[in-house]
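# Chain and residue survey
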Amino acid sequence: AQSVTQLDSQVPVFEEAPVELRCNYSSSVSVYLFWYVQYPNQGLQLLLKYLSGSTLVKGINGFEAEFNKSQTSFHLRKPSVHISDTAEYFCAVSEALNSGYALNFGKGTSLLVTP
Amino acid sequence: DAGVTQSPTHLIKTRGQHVTLRCSPISGHKSVSWYQQVLGQGPQFIFQYYEKEERGRGNFPDRFSARQFPNYSSELNVNALLLGDSALYLCASSLAGTSYYEQYFGPGTRLTVT
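Throughout, a residue's number is its position along its own chain's written sequence, starting from 1. Numbering of ligands from 1 and lettering of chains from A proceed in the order in which they are written. Reporting in this predicted model follows two pLDDT cut-offs: at least 70 for local features of residues, and 80 or more for side-chain atom pairs to be given and counted; totals over whole chains, interfaces and linings ignore these cut-offs and use all residues. Note that the side-chain values use all heavy atoms of the structure and ignore hydrogens as well as water.

Listed per partner, the contact involves 23 residues of chain B and 21 residues of chain A. The partner of Lys-49 of chain A in a salt bridge is Glu-102 of chain B, and the shortest N-O contact between them spans 3.9 Å. A per-element tally of the side of chain B that touches chain A places strand β9 (residues 87-94) of chain B first, with three residues. Here the term charged refers only to Asp, Glu, Lys and Arg, the term nonpolar to Ala, Val, Leu, Ile, Met, Phe, Trp, Tyr, Cys and Pro, and the term polar to all other amino acids, Gly among them. Broken down by class, the residue content of the side of chain B that touches chain A amounts to nine nonpolar, 12 polar and two charged. In what follows, a contact means two residues having at least one pair of non-hydrogen atoms within 4.5 Å. A side-chain nitrogen of Lys or Arg and a carboxyl oxygen of Asp or Glu constitute a salt bridge if their distance falls within 4 Å. Each helix is a run of H or I in the DSSP string that is no shorter than four residues. Each strand is a run of E no shorter than two, and both are numbered from the N terminus.

This part is about the state of the cysteines. Two cysteines form a disulfide when their sulfur atoms are joined by a covalent bond. All names here are of chain A. Counting rule for disulfides: a pair of cysteine sulfur atoms within 2.5 Å. What the rule picks out here adds up to two disulfides over all chains. Two residues, Cys-23 and Cys-91, share a disulfide whose sulfurs are 2.0 Å apart. Taking the sign of the S-S torsion, -65° for the link of Cys-23 and Cys-91, the bridge is left-handed. With Cys-23 in strand β4 (residues 23-26) and Cys-91 in strand β10 (residues 87-96), this pair connects stretches of sequence that are 68 residues apart. In terms of burial, Cys-23 and Cys-91 fall into one category: buried. Only protein chains enter the accessibility calculation, which uses a 1.4 Å probe; a residue is then buried when its area is under 20% of its type maximum, exposed when over 50%, and partly exposed in between.

Written as structure tokens, this is what we have:
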């Protein structure tokens, strides 16, 4: 089974500073990779996804991620964070099932942006 | 267009009881997946349904079951509730049942078992 490891459980950062949230995955086959954000008491919202093609993926709210096959990583970055970016961030990999698929999520990284 | 809707928003049950959670997908979406998110953890896959058929099942006991109706809405049933079933249950819909299609998540149902 494919798995995802988010290397940091919490990341504190000051407003307008850059941030990187790290994600590594384990897979021996082609993968689809995703980053989701979860605000308090809400569901998950897709930030960006990698399916194929360019390894640099741009998403919503100024986020981007880089797919690195050799290092099996998919780190999320933002050059300048806002207070409103405070949330839980989840990296996920798509795993094929017999006739469907599931998302395997990491444990999440809590991003706390302070003034 | 309305997003994925789930009901109820919150639910409190007692150990041993049964619960039914409901999900309505985005209009035009034919696949529904269910996830369990325990506090402080990432979501864990429970089921995927596509065109009213079960396409995948996660590592959950048989107390968990689901079904998808002709209008593509879905129910998740949990029997003989345990304290450990307390979690946020998320429903996600997608256009079809393949991994290429983005999953859109609902706000979830918060289940508390006492």
